[in-house]
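Architecture and fold: a report
Below, each chain spelled out in residue letters.
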Amino acid sequence: MRILKHLLTIFLTLSIAGLITAYFVYQQLSSELPDIEVLRDVQYKQPLNVYSQDGLLIEQFGEKIRIPVSIAETPQQLINAFISAEDGQFFSHIGIDFKGLARAAIQLVLTGKKKQGGSTITMQVARNFLLSNKKTYTRKLKEIILSIQIEQEFSKNEILELYLNKIYLGQRSYGVAAAAEIYYDRPLEQLTLAELSMIAGLPKAPSSYNPISNPERAVLRRNYVLKRMLDLEYIQQAEYAAAKQAPITADTYTSQRELYAPYIAEMVRNDIIQLYGEDAAYSEGFKVYTTLKSDLQNTAVNALRENLHHYDERHSYRVSNKQKLPLKSSDSTGATYPAEVIQINTQQLTAKLKDDTLIKLLWKDSPWSTKLNSATQQSKKIHSYLDIIELHDTIRVRQVSDSWRLAQIPEAEGAFVALDPKSGAILALTGGYAYFNNKYNRATQAKRQPGSGFKPIIYTSALESGYTPASMINDAPIVSTSGSTEESAWRPENYSHKFYGPTSIRTALRKSRNLIAIRLTRATGIPTITDTALRFGFLEEQLPKKLSIALGSGHASPLQMARMYAVFANGGYLINPYYIDRIESSTGEILFQAEPLTACAECENSTAPRIISAQINFLMNSLLRDVVQRGTATKAKSLLRIDLAGKTGTTNDQKDAWFNGFSAEIVGIAWVGKDNSKSLGRWETGGKAALPIWIDFMRYALQNHVEQELLMPEGISKVLIDPETGLLTREESATGIWEYFTDESIPTEFTPNYEAENPLTGELGIPEQQTPEEALF
């Protein structure tokens, strides 16, 4: 009896001591626990999403892909699947599973090893939101305490919503909605029972049960979930049997890109990091809507790629392109795809694409007639595919209409940018042939000589200095010495290597005469030219302080050239190009809305600064329209419009080819060149290499735009002049032409030989049946 009393005393003492210890442990742990109230305002980490103006997804940045979804929007069968897989007693327990904890404790005693187990959905919420992932006894105790607290403060549906949006499910997906998009490219409500069960099986081991990397184990796990659902009477036997036999339909849809605009996406990413910091940029779920129009962006990308291929096809096939390598999906570059040659003869070849599709290439459709040996840089005539390709070579092909054609990744690069000249909104931008092949953004980062594309700055300065479109300048040799020796002399030439004598400014710009641009620069002064360029948005370091500035020997990016030409397109105002229209938070709150300075020549409330007068702008438009109608850009006449204007540009040795063009609604700049600044090749001028890109883009971009008449502002007069002298002539003159002048610069003298017959060729002649407007445009 005494022994029993002693034992009872010891038991009570130990119990009391244990309770006291447990109480103090509880108090200590409770003081260290985070406040569960933070779960009422959870900010899920979401990626940065970049969209076009019309709402198409361009790119997603961030390690965690998450699409938060409310419990009301979550399919009931998905909830049932997760409960079956993770916590069958979820709706009845108080936050902890005593049986599960007991099993884990017994396992620890028997093996001496800690083992994950006994965790309810509520405990997983406590761990994932409020605690670290470090496995310790203390963390487990905190988990238990927090789970009980959470169950007391939150409803079961609230707990489920937190859990289903937080869990990691593999392939960078966090939460069930993101997993549905990444594995099945469909929203949750469109998934089948088998697909929902597959997702529900992932939390236990996202890598081991991944349907992409471990399909066999994934099926076993899915079928386990389905069996649990059957046992818990969430599904019927027939549903179980059908879902169990369903094949794996998961695939990798990590890129949900709807519009190819990676150069703009990277520009946006850098800006958001600058504004909000790197951590916030990738986790706050910012939605950035750009100014890009998806149809124009697609048109720009296709136009650039197609014409870079055309450039490549004008030159020799590079025999070093062929490889004997296994096909890889990642080898697809731009518009080209890898293919293995499996049959070949003199007339045709058969090749197999990476998806095992067989394609046939006919030699008669081949764009190449010569091959280039990269080692010797020598070209040689070829007569069939056998001269350049061997059996089992890996070649590149591209699709042209309904047929396939031999291709190669173009050796030249290019860029294209289009913007709204009134606001500066960038409507389309591509900085190269293929971003993932070379991420250098030539549209914004390139420092290339603009060549003759810079000449409108020279002519604007001349017109502002009192010259007129009819002013006659002598197209004759120029020798400029910068030193004392003959060798140091600079002897610029026209592209044709010819001299044309007295030439009007209109003809000089239309024909891109270098020597006249230099004479105008010398006459107006380099400081004046520099000041004009600065007004147009150029920087001092871009502008050489020497006569070669007349030929565009400075440097500029295509985007800077677009800003320059926007001035002529919008009536004379300097706009600021921009590409972010607005930034929204993950909940749709507008954090930033662009308020660009706008140009409106017809309005009184234009906010962009006017940098050239309406009169000078009109004259420059008249001259630049003439470039298209009768000058170096006549290929653009194929668009059958008279409201197009622009200027070609070609630098020394054809290292750069440009076309800078515009209508009243859109400015488009096309550039082609090589990153190593080597020559594009003989005859590869702006009109040949770059202009076709612009034409292909504008053909689509302007199809629903009516032609815009060039309206003559006050202060401009139209008079009949003699093209040989630039002086007035009589209406009865057989060679007189109409020309525009500012009221202050109208000639006051008549040509002394206005009565003489002098038929005009190649000038701005006007037959009797033409109106003055027809003659000028």
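Cut-off values and rules
Residues numbered from 1 in each chain as written. Predicted model: local features only at pLDDT ≥ 70, side-chain atom pairs only at ≥ 80, totals over all residues. Heavy atoms only, no water. Helix = DSSP H or I, 4+ residues; strand = E, 2+ residues; numbered from the N terminus. Buried < 20%, exposed > 50% of the residue type's maximum accessible area, 1.4 Å probe, protein only. Contact = heavy atoms within 4.5 Å. Areas by Shrake-Rupley, 256 points an atom, 1.4 Å probe, with all protein chains shown as cover. Patch = residues over 30% accessible without salt bridge, like charges linked within 9 Å, V, L, I, M, F, W, Y side chains within 5 Å. Salt bridge = Lys/Arg side-chain N within 4 Å of Asp/Glu carboxyl O. Pairing = 2+ DSSP bridges. Axes fitted to C-alpha atoms, helices over the stretch in contact; angles between N-to-C directions. Core = buried A, V, L, I, M, F, W, Y, C linked by side-chain atoms within 4.5 Å. pLDDT = per-residue confidence, 0-100. Phe/Tyr/Trp six-rings, centres within 6.5 Å; stacked < 30°, edge-to-face > 60°. 1 Å grid on protein atoms, 1.4 Å probe; cavity = no way out; pocket = protein on both sides within 12 Å on 5 of 7 lines; lining within 4 Å. Points joined across faces, edges and corners; volume = space filled by probe spheres on them. Nonpolar A, V, L, I, M, F, W, Y, C, P; charged D, E, K, R; others polar. Parallel < 35°, antiparallel > 145°, perpendicular 65-115°, else oblique.

**A short note on the overall build of the chain**
Counting its regular elements, the chain contains 21 helices and 26 strands. With 777 residues in all, the chain has 51% of them scored as buried. A sequence separation of at least 24 residues applies to 69% of the contacts in the chain between residues at least 6 apart. Counting only carbon and sulfur atoms, one obtains 51% of the accessible surface of the chain, whose full area is about 36600 Å².

**Points about helix H8 (residues 193–200)**
Buried residues dominate H8, accounting for eight of its eight residues. For H8, the complete set of buried residues consists of Leu 193, Ala 194, Glu 195, Leu 196, Ser 197, Met 198, Ile 199 and Ala 200. Structurally, H8 contributes buried residues whose contacts are with helix H2 (76–86), helix H7 (176–184), helix H9 (215–231) and helix H10 (237–245).

**As for a nonpolar patch on the surface**
Nonpolar side chains collect at one region of the surface, where Leu 275, Tyr 276, Leu 591 and Phe 592 lie side by side and expose about 350 Å² of accessible area between them. If you list the elements that add at least two residues to the nonpolar patch, you get helix H11 (262–276) and strand S21 (590–593). For Tyr 276, the position within the fold is in helix H11. Tyr 276 sits in the partly exposed class, given a relative accessible area of 31%.

**A few points about the pairing of strand S24 (residues 667–673)**
Most of S24 is tucked away, with seven of its seven residues classed as buried. Side-chain alternation along S24 places Val 667, Ile 669, Trp 671 and Gly 673 on one buried face and Gly 668, Ala 670 and Val 672 on a second face that is also buried. Taken together, the seven bridges between strand S23 (residues 656–662) and S24 define a ladder with antiparallel strand orientation. From the neighbouring strand, Asp 656 faces S24, where its bridge partner is Gly 673. Count of turn residues in the S23/S24 antiparallel hairpin: four residues.

**Some details on the sheet that holds strand S1 (residues 48–51)**
Hydrogen bonds between backbone groups are what pair the strands of a sheet, and the pairing can be parallel or antiparallel. In spatial order, the strands read S2-S1-S5-S20-S21; together these five strands make up an open sheet with mixed pairing. At either end of the open sheet lies a strand with only one pairing partner, and these are strand S2 (57–61) and S21. For this sheet the average axis-to-axis angle between neighbouring strands, irrespective of direction, equals 15°. With three bridges connecting them, S1 and strand S5 (residues 287–290) associate as parallel partners. Bridge pairing in S5 places Tyr 51 opposite Tyr 289.

**Here's the deal with the nonpolar core**
By size, the foremost hydrophobic cluster in this structure holds 122 residues, and its most contacted members are Phe 538, Trp 694 and Phe 697. Beyond its immediate stretch of four places on either side in the chain, Phe 697 contacts Leu 296, Thr 299, Ala 300, Ala 303, Phe 416, Ala 418, Ala 428 and Ile 666. Of all hydrophobic cores here, the second largest spans 56 residues; its members include Ile 36, Ile 167, Ala 179 and Ala 218.

**Description of the environment of Asp 743**
Tracing the chain through its elements places Asp 743 in the loop between strand S26 (737–742) and helix H21 (772–776). Residue classification places Asp 743 among the partly exposed positions, given a relative accessible area of 40%. Once residues within four sequence positions are removed from consideration, Asp 743 is found in contact with Gly 715, Ile 716 and Ser 717.

**Comments concerning the confidence of the model for the chain**
Here the chain averages 88 in pLDDT, while 88% of its residues score no lower than 70. Every residue in residues 754–777 is under pLDDT 50, and counting partners more than four places away or in other chains gives 54 contacts.

**Thoughts on unusual backbone geometry**
Here Ser 401, not a glycine, exhibits a phi torsion of approximately 60°, which is positive. Residue position: Ser 401 is located in the loop between strand S12 (394–400) and strand S13 (403–407). A relative accessible area of 65% means that Ser 401 is categorised as exposed. Positive phi, normally seen in glycine, also occurs at His 497, with a value near 65°. Looking at the element boundaries, His 497 is found in the loop between strand S18 (489–490) and strand S19 (501–504). Residue classification places His 497 among the exposed positions, given a relative accessible area of 54%.

**Quick notes on the sheet that holds strand S15 (residues 426–430)**
Taken together, the five strands give an open sheet; going across it, the order is S15-S14-S24-S23-S22, and neighbouring strands pair in antiparallel fashion. The outermost strands of the open sheet, each flanked by one partner alone, are S15 and strand S22 (645–650). Ignoring which end each strand starts from, the neighbouring axes of this sheet average 5° apart. In the packing of helix H18 (residues 558–570) onto the sheet, contacts are made with strand S14 (413–419), S15, S22, S23 and S24, and the angle to S24 comes to roughly 145°.

**Observations concerning the packing of aromatic side chains**
Here the structure, examined in full by the defined rule, presents 19 aromatic pairs. Centroid distance Tyr 337 to Trp 404: 6.1 Å. Interplanar angle 80°. Geometry classified as edge-to-face. Of this pair, Tyr 337 sits in strand S7 (residues 337–344) while Trp 404 sits in strand S13; the two residues are 67 residues apart in sequence, bridging distant segments of the chain. Judged by relative accessible area, Tyr 337 falls into the partly exposed class, the value being 36%. Ring centres of Phe 454 and Phe 538 lie 5.6 Å apart, and the angle between their planes is 75°; this geometry places the pair in the edge-to-face category. Here Phe 454, found in the loop between S15 and helix H14 (455–464), pairs with Phe 538, found in the loop between helix H17 (526–535) and H18; they are 84 residues apart in sequence, far enough to count as distant. Each member of the pair Phe 454 and Phe 538 is classed as buried.

**Here's the deal with the pattern of salt bridges**
Opposite charge on two side chains allows them to pair when their charged atoms are near. Following the criterion strictly, the structure yields 29 salt bridges and no others. Across the pair Arg 186 and Glu 195 runs a salt bridge whose closest N-O atoms are separated by 2.4 Å. In this structure, Arg 582 and Glu 584 form a salt bridge, with 2.9 Å as the shortest nitrogen-oxygen distance. Overall, the relative accessible area of 12% leaves Glu 584 in the buried class. Among the charged side chains, a network of salt bridges with common partners joins Arg 506, Arg 510, Asp 626, Arg 630 and Glu 739.

**Some details on the pairing of S22**
For S22, a buried count of five out of six residues is recorded, marking the element as mostly surrounded by other parts of the structure. Where S22 lies against S23, six bridges are found, and the strand directions are antiparallel. Looking at S23, one finds that Thr 648 is bridged to Phe 659.

**Section: empty space enclosed by the protein**
For the structure on display, the rule yields three cavities of 30 Å³ or more. Looking at the second largest cavity, its volume works out to about 50 Å³. Contributing to the lining of the second largest cavity are Pro 450, Phe 454, Phe 538, Gln 542, Leu 543, Pro 544, Ile 549, Gly 552, Ser 553, Gly 554, His 555 and Ala 556. Here the residues of the lining of the second largest cavity sort into seven nonpolar, five polar and no charged.

**A short note on the packing of H2 against H9**
One way to put it is that H2 packs onto H9 with a least axis distance of 8 Å and a crossing angle of 100°. The angle between the axes of H2 and H9 places the two elements in the roughly perpendicular class. Counting all contacts with H2, which are made through Gln 77, Asn 80, Ala 81, Ser 84, Ala 85 and Glu 86, the residues of H9 involved are Arg 221, Val 225, Arg 228 and Met 229. Along the lines of polarity and charge, the residues of the contact of H2 with H9 split into four nonpolar, three polar and three charged.

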